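Residue-level listing of the chains:
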Amino acid sequence: MNNRVKLFIPAVFFFLMLGLLLFGLGRNPNQVPSALVNRPLPEFSLPELNNVTTMINSEDLQGNISIINFWATWCPPCHVEHPYLVEISEREEDLNFIGVNYKDDLNEARLFLEEKGTPFRQVIVDLDGSLGIDFGVAGAPETFIVDSFGMIRYRHVGVINHQIWEDTFEPVINRLK
Amino acid sequence: MRNTLIPVFMIFACLCSVNVNAAIEDYVFENQEQQQQFRQLSDQLRCPMCLNSNLAGSDAPIAADLRAEIYQQILEGRSNDEIIDFMTQRYGDFINYRPPLNRGTFMLWFGPLILLLIGMLVAWRIIRNNQNRPATAGLSTEEQQKLDSILADNK
């Protein structure tokens, strides 16, 4: 090889590393890949918030695309996203919006939904956070898209708003339809 | 001499204190092995919320929940592998500070070693090339006379 060409090898290597590091810098470190995407819903049987004698099972969520939202009244971002969820759920009538009330005070949770309206058809009570662990949830809010066969297809960490809904949720849902 | 060593000791002391465990709960175990197992797992598993700390060192709510889960499973007599499997199924390889060796983590394990080998290869070739180059011979008598005359002229 020509010696002049050889002189450029360190520079090429340097720019390759630079590119790699810049790429890494642009990624959101909180966006941890979920281990549960493309896996079936975890098995569970938990009470419904407004009627605690009714149990909701994982099989109940099949037959329709579900949006499963982990929320709690102690979680400020959940308050932020709540009005968006209400609006989106009114618009997207064919989606099955399910809430998971995560490690919360049940009375406060009921009051919250009464006052601000509910986007959810059903709310699952997860008092000790064990369903959260089965879903690989690190905190609230987190939202999952589950297809009609009960397979988890997408995990979103953090607040949902119109922009996020259009950019990330709609493409996944349209693909599943 | 004594004075210069003090900062060195202080830096060393700072380095030593990094590994302090911050877990707050008082778990009661049936035996020493279980306690050892709990320490090891909460040290090796990473808090899924805080990115740069293990379960033992994090006071995030999810870290406390996962510590409780580990405690429960240890009491049920589950092995380390079973508990790590349980966590990886839910939180992915991310949760393990000692990720398993597979195609996706190959570069993570061997990347630094490969870079080191490349560096050693390059260094070895440079040194060898330098050795092969003929040593710069001294000036010939003719050149030396010329140099002397130039130096003499400039005086």
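Note that this is a predicted model, so its numbers are computed, not measured.

*Asks:* What should I look at first to understand the interface of chain A and chain B in this one?
*Replies:* It is common to report an interface's size as the accessible area lost on association of the parts. The partner chain B presents 13 residues to the 12 residues of chain A that form the contact. Broken down by class, the residue content of the side of chain A that touches chain B amounts to seven nonpolar, four polar and one charged.

*Asks:* How should I be thinking about the environment of Val80(A) in this particular structure?
*Replies:* Residues and elements named next belong to chain A. Position of Val80 among the secondary structure elements: in helix H3 (residues 76-91). Of the residues examined, Val80 has 14 C-beta atoms within 10 Å and is grouped as partly exposed. In this structure, the C-alpha to C-alpha distance between Val80 and Gly136, residues 56 residues apart in sequence, is 22 Å.

*Asks:* Quick question: what am I supposed to make of the nonpolar core here?
*Replies:* Nonpolar side chains tend toward joint burial in soluble globular proteins. In this structure, Ile98(A), Phe144(A) and Val146(A) are the most contacted members of the largest nonpolar core, which totals 47 residues. The biggest single contributor to this core is helix H3 (residues 61-75) of chain B, with five residues. Residue contacts for Phe144(A): discarding those within four places in its chain leaves Ile68(A), Phe135(A), Ile152(A), Tyr154(A) and Arg155(A).

*Asks:* What am I meant to see in H3(A) here?
*Replies:* Each α-helix turn comprises 3.6 residues. Residues three or four places apart therefore point the same way. Residue and element names in this part refer to chain A. Compared with an ideal rise of 1.5 Å per residue, which puts 16 residues at 22 Å, H3 spans 24 Å between its outermost C-alpha atoms and is within 8% of the ideal. The largest bend along H3 reaches roughly 35° and is located at His82, with the proline Pro83 sitting one to four residues downstream. By the burial criterion, the buried members of H3 are Cys78, Glu81, His82, Leu85 and Ile88. Lining the buried residues of H3 we find strand S4 (66-71), helix H4 (106-116) and helix H6 (162-176).

*Asks:* Whenever I open this one, the packing of helix H2 (residues 32-44) of chain B against H3(B) confuses me. Can you help?
*Replies:* Helix-helix packing is described using two parameters, namely the angle between the two axes and the distance between the axes. All names here are of chain B. It is the contact of H2 with H3, at a shortest axis distance of 10 Å, that shows an interaxial angle of 145°. Of the two possible hands of crossing, H2 and H3 adopt the one that is right-handed. Of the residues in H3, those touching H2 at Gln34, Gln37, Phe38, Leu41 and Ser42 are Arg67, Ile70, Tyr71 and Ile74. Broken down by class, the residue content of the contact of H2 with H3 amounts to five nonpolar, three polar and one charged.

Calculation notes
Residues numbered from 1 in each chain as written. Chains lettered and ligands numbered in written order. Predicted model: local features only at pLDDT ≥ 70, side-chain atom pairs only at ≥ 80, totals over all residues. Contact = placed C-beta atoms within 7 Å. Nonpolar A, V, L, I, M, F, W, Y, C, P; charged D, E, K, R; others polar. Helix = DSSP H or I, 4+ residues; strand = E, 2+ residues; numbered from the N terminus. Buried ≥ 20, exposed ≤ 12 C-beta atoms within 10 Å, placed from the backbone. Core = buried A, V, L, I, M, F, W, Y, C linked by C-beta atoms within 7 Å. Expected span 1.5 Å × (residues − 1). Bend = angle between axes of the 7 residues up to and from the residue. Axes fitted to C-alpha atoms, helices over the stretch in contact; angles between N-to-C directions. Left-handed = near helix turned anticlockwise from the far one by under 90°.

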